Amino acid sequence: MTSWLFQYYEESIETITEIGCFEWEFIVDKRNPKKPIIKEYHTRKTESFSRSIYFLEENQNTLFVYLTSGFQLSGQSVIYQFNWNGTAFIKQPKKIFSTIR
């Protein structure tokens, strides 16, 4: 997770307001059968505009990253899959999950 942060957020690591881990909750919904549930997190700072990052490591080569940003009652959430090739994380082009609040 630290390697991913330095690869994708090295320039803007100070803008992250919350960081943590999430898990999948399986629900009965044909469009989105999986829903992310935040399990553990650490609040770095409190601001009106938040940028949060949550991780789920499926195995040693697959990392899911749940990115949320926006104000308290508005914003966007998206989950991407990244694969480790031994030296860097490769972002998969298809979004796993996406919502707008």
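Residues numbered from 1 in each chain as written. Predicted model: local features only at pLDDT ≥ 70, side-chain atom pairs only at ≥ 80, totals over all residues. Heavy atoms only, no water.

Enquirer: Please provide a residue-by-residue account of the overall build of the chain, values included.
Expert: In terms of helices and strands, the chain carries 1 helix and 7 strands. Mapped from its N terminus to its C terminus, the chain presents α and β elements in the order α-β-β-β-β-β-β-β. Relative to the compact-globule value of 13 Å for 101 residues, the chain shows a C-alpha radius of gyration of 14 Å, a close match. When its C-alpha atoms are laid out on the principal axes, the chain stretches across 40 × 40 × 25 Å. Per-residue burial for the chain yields a buried fraction of 32% across its 101 residues. Sequence-distant contacts, at least 24 apart, represent 44% of the contacts inside the chain between residues at least 6 apart. With the model as given, the accessible surface of the chain reaches about 7000 Å², and the carbon-plus-sulfur share is 50%. (Helix = DSSP H or I, 4+ residues; strand = E, 2+ residues; numbered from the N terminus. Rg over C-alpha atoms; globule rule 2.2 N^0.38 Å. Buried < 20%, exposed > 50% of the residue type's maximum accessible area, 1.4 Å probe, protein only. Contact = heavy atoms within 4.5 Å. Areas by Shrake-Rupley, 256 points an atom, 1.4 Å probe, with all protein chains shown as cover.)

Enquirer: Summarise the nonpolar core; cite the residues concerned and give the values.
Expert: Residues Trp4, Leu5, Tyr9, Ile53, Phe55, Val65 and Leu67 are the most contacted members of the largest nonpolar core, which totals 13 residues. For this core, the secondary-structure elements that each account for two or more residues are helix H1 (2-9), strand S3 (50-59), strand S4 (62-70) and strand S5 (76-84). In this structure, Leu67 is in contact with Trp4, Tyr9, Ser52, Ile53, Gln76, Ser77, Val78 and Tyr80, ignoring residues within four places of it in sequence. (Core = buried A, V, L, I, M, F, W, Y, C linked by side-chain atoms within 4.5 Å.)

Enquirer: Now, about H1: what can you tell me, with residues and values included?
Expert: Taken together, the buried positions of H1 are occupied by Trp4, Leu5 and Tyr9. An end-on view of H1 places all buried positions within 100° of arc, on one side of the element. Among the structural elements, strand S1 (18-26), S3, S4, S5 and strand S6 (89-91) are those in contact with the buried residues of H1. (Arc of directions from axis to C-beta.)

Enquirer: Lay out the pairing of S4 with the relevant residues and their values.
Expert: Within S4, 8 of the 9 residues are buried, which leaves the element mostly enclosed by the surrounding structure. One ladder, built from 9 bridges, connects S3 with S4; its direction is antiparallel. Bridge pairing in S4 places Leu56 opposite Phe64. What sits between the antiparallel neighbours S3 and S4 is a turn of 2 residues. (Pairing = 2+ DSSP bridges.)

Enquirer: Now, about the pattern of salt bridges: what can you tell me, with residues and values included?
Expert: Applying the stated criterion across every chain yields a total of 1 salt bridge. Between Glu47 and Lys45 there is a salt bridge, with the nearest N and O atoms lying 3.5 Å from each other. (Salt bridge = Lys/Arg side-chain N within 4 Å of Asp/Glu carboxyl O.)

Enquirer: Requested: an account of the side chain of Thr62, with residues and values cited.
Expert: Summarising the element assignment, Thr62 is placed in strand S4. When residues no more than four places from it in sequence are discounted, the contact partners of Thr62 are Leu56, Glu57, Gln81, Phe82 and Asn83.

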